[in-house]
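# Close look at the chain arrangement
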Amino acid sequence: MAKIDDLVKKKVPELRFPGFTDDWEERKLGEHSNILTGGTPKTSMSNYWNPKEIPWMSSGEVNKRRLNETDNMISKEGLENSSARWVK
């Protein structure tokens, strides 16, 4: 197994995906996406969570490989009365 110092100098991983031949390119996550934060509507306010109208993603869901739907939803009132944000 190659030493980490050797891999960093060469910028080429030991294991490659088919079709990738160039050196690694170090980038910050923000260069590839917009990172947004928001807030959770108060869970004690049932009208912020019902009716379930708007997809709401918790921070734990960012670990999913693909996200086609969220685990929960909030109401329009919940969106309007919290620091949660709408992301298309």
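Throughout, residues of each chain are indexed from 1 in the direction in which the sequence is written. Where local features are concerned, this predicted model is filtered to residues with pLDDT of at least 70; where side-chain atom pairs are given and counted, the filter is 80 or more; whole-chain, interface and lining totals use all residues. Excluding hydrogens and water, the side-chain figures rest on all heavy atoms present in the structure.

The condition is simple: UniProt positions are given in the numbering used here, feature names are shortened, and annotations may be inferred rather than shown by experiment.
The name recorded for the protein in an unreviewed UniProt entry is Restriction endonuclease subunit S, from Leuconostoc falkenbergense. What the UniProt record of the protein gives under Sequence similarities (unreviewed entry) is the line "Belongs to the type-I restriction system S methylase family."

### Remarks on the side chain of Glu61
Put simply, the test is: Helix and strand assignments follow DSSP, with helices taken as H or I runs no shorter than four residues and strands as E runs no shorter than two, numbered in order from the N terminus. Summary of the burial criterion: residues with accessible area below 20% of their type's maximum are buried, those above 50% are exposed, and those between are partly exposed, where the area comes from a 1.4 Å probe applied to protein chains only. Residues are treated as being in contact if the distance between any of their heavy atoms lies within 4.5 Å.
Structurally, Glu61 can be placed in the loop between β1 (54-56) and β2 (72-74). Overall, Glu61 belongs to the buried group, its relative accessible area being 4%. If we ignore the near neighbours within four places in the chain, the residues touching Glu61 are Trp56, Leu67, Glu69, Thr70 and Asp71.

### Concerning the nonpolar core
To keep it simple, the criterion reads: Nonpolar core, defined: a set of buried Ala, Val, Leu, Ile, Met, Phe, Trp, Tyr and Cys residues in which side-chain atoms within 4.5 Å join the residues together.
Membership of the largest hydrophobic core is limited to 6 residues, which are Tyr48, Trp49, Ile54, Trp56, Ile74 and Ala84. Among all residues touching Trp49, those that are not within four sequence positions of it are Thr40, Pro41, Lys42, Thr43, Trp56, Asn72, Met73, Ile74 and Ser75.

### Side note on the pattern of salt bridges
Filter applied, for reference: Counted as salt bridges are all cases of a side-chain nitrogen of Lys or Arg within 4 Å of a carboxyl oxygen of Asp or Glu.
The full count for this structure, using the stated rule, is 3 salt bridges. With a shortest N-O distance of 2.7 Å, Glu25 and Arg27 are connected by a salt bridge. The class for Arg27 is partly exposed, based on a relative accessible area of 45%. Salt bridges sharing common partners tie together Glu61, Lys64 and Asp71.

### A closer look at the environment of Ser59
Note that Ser59 resides in the loop between β1 and β2. For the pair Ser59 and Thr40, spaced 19 residues apart in the sequence, the C-alpha separation amounts to 9.8 Å.

### Observations concerning the packing of aromatic side chains
Cut-off, in case you're wondering: Any two rings among Phe, Tyr and Trp, with Trp reduced to its six-membered ring, count as a pair given centres within 6.5 Å; such a pair is stacked if its planes are under 30 degrees apart, edge-to-face if over 60, and tilted if neither.
Per the counting criterion, the structure on display carries 2 aromatic pairs. For the ring pair Phe17 and Phe20, a centre distance of 6.4 Å and an interplane angle of 70° mean the geometry is edge-to-face. Taken individually, Phe17 and Phe20 each receive the classification exposed, so the pair is uniform in this respect. Taking 5.0 Å as the distance between ring centres and 85° as the angle between the ring planes, the aromatic pair formed by Trp49 and Trp56 counts as edge-to-face.

### Some details on unusual backbone geometry
Across residues other than glycine, the phi torsion is negative in most instances, and most of the peptide bonds are trans. The omega torsion of the bond from Asn50 to Pro51 falls at 5°, within 30 degrees of zero and hence cis. With respect to the helices and strands, the residue Pro51 is situated in the loop between α1 (4-10) and β1.

### What about the side chain of Ser75?
Convention followed: Polar contacts, as used here, are pairs of N or O atoms within 3.5 Å; protein pairs need one atom able to donate a hydrogen and one able to accept it. Residues neighboring in sequence count only if both atoms are side-chain atoms.
You can see Ser75 is positioned in the loop between β2 and α2 (76-80). Here Gly78 takes part through its backbone nitrogen, which lies 3.0 Å from a polar atom of the side chain of Ser75. Ignoring any residue separated from it by four or fewer positions in sequence, one finds Ser75 in contact with Asn47, Tyr48, Trp49, Asn50, Pro51, Glu53 and Ile54.

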